[in-house]
Protein chains: 2
Amino acid sequence: MNDPAPPSSSPPDRRAVDALDAADPLAPFRDRFVVADPGRIYLDGNSLGRLSVDVRDALVAAADDWGARVVEGWPDWIELPARVGDRLAAVALGARPGEVLVADSVTVNLYKLAHAAADRRAGPIVTDAGNFPTDRYVLEGVARQRGRAYVEAPTVEAAVEAAAGGILVLSLVDYRTGTLLDLEAVTRATDALVIWDLCHAAGAVEVDLAAAELAVGCTYKYLNAGPGAPAFLYARRDLQPSLGSPIHGWFGRRDQFGMGPGYDPADGIERFLAGTPSILGIRALDASLGIIEEAGIGEIAARARSLTDLCIRLADAWLAPHGVEVLTPRDPSRRGAHVALRHPDAWPIARALIERAGVVPDFRPPDVLRLGFSPLTTSFADVWDGLDRLRGLLEDGAYHEVDTAARRVT
Amino acid sequence: MNDPAPPSSSPPDRRAVDALDAADPLAPFRDRFVVADPGRIYLDGNSLGRLSVDVRDALVAAADDWGARVVEGWPDWIELPARVGDRLAAVALGARPGEVLVADSVTVNLYKLAHAAADRRAGPIVTDAGNFPTDRYVLEGVARQRGRAYVEAPTVEAAVEAAAGGILVLSLVDYRTGTLLDLEAVTRATDALVIWDLCHAAGAVEVDLAAAELAVGCTYKYLNAGPGAPAFLYARRDLQPSLGSPIHGWFGRRDQFGMGPGYDPADGIERFLAGTPSILGIRALDASLGIIEEAGIGEIAARARSLTDLCIRLADAWLAPHGVEVLTPRDPSRRGAHVALRHPDAWPIARALIERAGVVPDFRPPDVLRLGFSPLTTSFADVWDGLDRLRGLLEDGAYHEVDTAARRVT
């Protein structure tokens, strides 16, 4: 997956890194987020993004709006899944109005789209074995329910090949390696109906869904909307009339409040709504999208490339001698905003970073240390200091002493 | 459904009603809730409950906890769906630890349980035609997916009969008439696997799930957890090993963070989790349950009976002469916390109450005005004044002049 040779230039010193931060037009956005412990270096925004002041304010305002209007707020709230979906589409996904909905979880949304796709394609349901666990589990279940072959191909390339005539589910950014696929090229290369998982891409890279048919993604990573914030679902406009959700909920029904007999799906993307959406969660996302919009997804993605570039250069210079391998593509156009480092002791190293070094990374089994560089909340100094502390741990070997029995829950 | 004759005693005067409020041990709980406009009488807590100060504080605390701990909060948060489920079970449902989960929406949870039930029973999927729309839509869809007969029986009694050998879905409290079924008697009367919809029951009446097999419900009505707050799901402990969710998500998998190949459901109720649950939503519910716990569900249910009794007596005395019919059972042990009034002009009357009389009811097609008496937030004076304003509208006929083109979204 990664390029063979690591010929990266020698890394900058700490002063040069401070200069990078000083010159960065996005640097002021860091002040929009809550940082409780400035001494702790947070490199896990790829798992859970930070709370912004805007989102905190929006949550309070949403609660107060509920308090003030109670049920009379619904005429406004009812529009939120589609309205904030439109904003998300424009701000971060390159999709058009009426193509994105904010609701439910990624798992539930993928379940809906996989069934909808299975109504249109008779072939196998295919993903790559390296895809995110919930995607694999959902697809295996849907394939069984629909009597279809389920294929977990060893690589993305093999998955594209195996999916001919069927349904292909791929993560645009791989959750472990950080590899960013070429959405347009994959779409052109297959006649399968492709569902994109954008969890590790949305808010980190420029996504252009114009070439895509179906997609899902979460909002709690680079979109900073909070733990368990509502997910999103995309279906290209022209496909919508031919797609049906397997979950026939009242929010997806035409003339919902007519409450009439029988299920008749709504015309647009709303047919993929199910139950009552989380109004507070959607309003939190809306506020967070305001920040993304201000910063600009192009600027954000460029900063992600620079942050990950710095990480890779430091890893080559400082960590490779200790047996650390960079799994993430060196071509910045082929990666997201996180970097995967392979080391046989990745788990104790991750624990030691958290417990002893004040650095928060995450770990992906069996041997990957994952460092996320959420573009709006990570500084170049964070990258440098985080890698420096990691270098220190590898040099003194103290990570061998940590308690590795800690329960892993992220 | 309702008893033939309305022999209710003559209603108290306004002073006697104030005395009822003064003597009520639950009256002080009203001050725990936000009331933005004290002149507006809110009789729609059966649709959306009010914001409490505790819930507002909990939302802020949950946001700040996210801000402070970011991903390091997950070791605590991961327990919330089951832990708050246990609290809900104890406080309001008469269920045991490990039997209730807080997650997703009612629609999605019913979808899961209907599929799980269809794995165990070969017969038809049955509900009554008067059941809540999303239940009917979901079940119709599941029946089609599973190749089962779907029966919408004209009455609950006919549904019980039709469900022999199959799956029966009933609302414990009917969303229109307010009729409270006898859970134990229904369960004894059928060999069907019964799924109870507790949306209009939880927090309004004493529910005893000991006799029940499966159930779902929402938390945004009488449990006051906010618009779109996470729903709940109940499965009796001994049945859990034989039940599987159709949605194979990572949160429902054994050893979730092992992220291994293949889906293997978790042992307990957690197997019905799907994607990442809304942490802020669950924490809001947790705070609201604290209030329910303090007040006591027995006291709350008793107050609901008294409030609805007052409503029915006033309706008999004041509204019946104007053609209003009480659809709700007069036996207090057979109703929930709302009262249904039938009138051919129910829709313009509902609009006039909202726009001209400062009373917030809701409307259920075709001709039902629904008045909800959320026990912790509705006073006896609210009932008296609300009915008095309704009487005024009926007397002067001014409801004929309102704009009935308003979009109905609750």
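Residues numbered from 1 in each chain as written. Chains lettered and ligands numbered in written order. Predicted model: local features only at pLDDT ≥ 70, side-chain atom pairs only at ≥ 80, totals over all residues. Heavy atoms only, no water.

1. Examining the overall build of chain A
Here is step 1: Counting its secondary structure elements, chain A contains 12 helices and 13 strands.
Here is step 2: For chain A, the C-alpha radius of gyration of 22 Å lies close to 22 Å, the compact-globule estimate for 410 residues.
Here is step 3: By principal-axis analysis of the C-alpha atoms, chain A measures approximately 70 × 55 × 40 Å.
Here is step 4: Counting all 410 residues of chain A, 66% fall into the buried class.
Here is step 5: In the form shown here, chain A has an accessible surface area of approximately 13,300 Å², with 50% of it arising from carbon and sulfur atoms.
Here is step 6: Treating the 42 positive side-chain charges of chain A as one cloud and the 57 negative ones as another, the clouds have centres 2 Å apart. (Helix = DSSP H or I, 4+ residues; strand = E, 2+ residues; numbered from the N terminus. Rg over C-alpha atoms; globule rule 2.2 N^0.38 Å. Buried < 20%, exposed > 50% of the residue type's maximum accessible area, 1.4 Å probe, protein only. Areas by Shrake-Rupley, 256 points an atom, 1.4 Å probe, with all protein chains shown as cover. Lys, Arg positive; Asp, Glu negative; His and termini not counted. Charge placed at Lys NZ, Arg CZ, Asp CG, Glu CD.)

2. Let's talk about the sheet that holds strand β8 (residues 232-235) of chain A
Sheet strands line up and pair through hydrogen bonds in the backbone, either parallel or antiparallel.
Residue and element names in this part refer to chain A.
Here is step 1: In space, the seven strands of this open sheet follow the order β2-β8-β7-β6-β5-β3-β4, with mixed pairing throughout. Two strands close off the open sheet at either side, each with one partner strand: β2 (100-102) and β4 (150-153). The mean inter-strand angle of the sheet, taken between neighbouring strand axes irrespective of direction, is 20°.
Here is step 2: Bridge count between strand β5 (residues 167-171) and strand β6 (residues 193-197): five bridges; the pairing is parallel. The partner of L170 across the bridge, within β6, is W196.
Here is step 3: Here helix α4 (residues 80-93) sits on the sheet and contacts β2 and β8; the angle it forms with β2, its principal contact strand, is near 120°.
Here is step 4: Strands β3 (125-128), β4, β5 and β6 of the sheet are contacted by helix α6 (residues 133-146), whose axis makes an angle of about 160° with β3. (Pairing = 2+ DSSP bridges. Axes fitted to C-alpha atoms, helices over the stretch in contact; angles between N-to-C directions. Contact = heavy atoms within 4.5 Å.)

3. Structural notes on the relation of the copies chain A and chain B
Here is step 1: Mapping chain A onto chain B is achieved by rotating through 180° and translating by 0.0 Å along the same axis, at an RMSD of 0.0 Å. Between the two chains, the operation in question is that of a two-fold axis.
Here is step 2: By residue overlap, the copies meet face to face through one surface: 100% of the interface positions of chain A are interface positions in chain B. (Least-squares fit on C-alpha atoms with pLDDT ≥ 70 in both.)

4. Quick look at unusual backbone geometry
Here is step 1: The residue after P365 of chain A, namely P366 of chain A, is reached through a cis peptide bond having omega 5°.
Here is step 2: With respect to the helices and strands, the residue P366 of chain A is situated in the loop between β12 (362-364) and β13 (368-372).
Here is step 3: Within the chain, D255 of chain B stands out as a residue other than glycine whose phi angle is a positive 50°.
Here is step 4: Among the secondary structure elements, D255 of chain B is positioned in the loop between β8 (232-235) and α9 (279-295).

5. A short note on the side chain of T308 of chain A
All names here are of chain A.
Here is step 1: Relative to the elements of secondary structure, T308 occurs in helix α10 (residues 297-319).
Here is step 2: A polar side-chain atom of T308 sits 2.7 Å from the main-chain carbonyl oxygen of A304.
Here is step 3: Aside from chain neighbours lying at most four places away, what touches T308 is R335, G336, A337, H338, V339 and F373. (Polar contact = N/O pair within 3.5 Å; in protein donor to acceptor, adjacent residues only side chain to side chain.)

6. Some words on the packing of helix α1 (residues 14-23) of chain B against helix α12 (residues 380-396) of chain B
Residue and element names in this part refer to chain B.
Here is step 1: One can describe the packing of α1 onto α12 by two numbers: an axis separation of 8 Å at closest approach and a directional angle of 150°. Considering their axes alone, α1 and α12 lie roughly antiparallel with respect to each other. In this structure, α1 contributes R14, V17, D18, L20 and D21 to the contact, and α12 contributes F380, A381, W384 and D385.
Here is step 2: A breakdown of the residues in the contact of α1 with α12 according to their chemical character gives five nonpolar, no polar and four charged. (Parallel < 35°, antiparallel > 145°, perpendicular 65-115°, else oblique. Nonpolar A, V, L, I, M, F, W, Y, C, P; charged D, E, K, R; others polar.)

7. Let's talk about the pattern of salt bridges
Residues and elements named next belong to chain A.
Here is step 1: Scanning all chains against the criterion turns up 60 salt bridges over all chains.
Here is step 2: Between D76 and R69 there is a salt bridge; the shortest N-O distance is 2.8 Å.
Here is step 3: Classification of D76 by relative accessible area gives partly exposed; the value is 39%.
Here is step 4: Taking relative accessible area as the criterion, R69 reaches 27% and is therefore assigned partly exposed.
Here is step 5: Here R342 ties to D367 by a salt bridge, and the two come within 3.6 Å at their closest N and O atoms. Here R342, found in strand β10 (residues 338-342), pairs with D367, found in the loop between β12 and β13; they are 25 residues apart in sequence, far enough to count as distant.
Here is step 6: Each of D65, R69, D76 and R283 takes part in one network of salt bridges that share partners. (Salt bridge = Lys/Arg side-chain N within 4 Å of Asp/Glu carboxyl O.)

8. So, the interface of chain A and chain B
Here is step 1: Between chain A and chain B, the residue contacts involve 77 residues of the former and 77 residues of the latter.
Here is step 2: With both chains or domains summed, chain A and chain B bury close to 6,500 Å², and 65% of this area falls on carbon and sulfur atoms.
Here is step 3: Looking at the side of chain A facing chain B, the largest losses of area belong to W66, Y137 and M259 of chain A, adding up to 12% of the total buried there.
Here is step 4: For the pair chain A and chain B, the number of links is four salt bridges.
Here is step 5: Here D64 of chain A ties to R56 of chain B by a salt bridge, and the two come within 2.6 Å at their closest N and O atoms.
Here is step 6: The tally of links from chain A across to chain B stands at 29 residue pairs in polar contact (both at pLDDT 80 or more). (Buried area = accessible area lost by both parts, 1.4 Å probe.)

9. Notes on the pairing of strand β3 (residues 125-128) of chain B
All names here are of chain B.
Here is step 1: Of the two faces of β3, the one lined by I125 and T127 and the one lined by V126 and D128 are each fully buried.
Here is step 2: Bridge count between β3 and strand β4 (residues 150-153): four bridges; the pairing is parallel. Bridge pairing in β4 links I125 to Y150.
Here is step 3: Where the polypeptide runs from β3 across helix α6 (residues 133-146) and back to β4, its parallel neighbour, the crossover connection is right-handed. (Right-handed = clockwise from strand over helix to strand, strands pointing away.)

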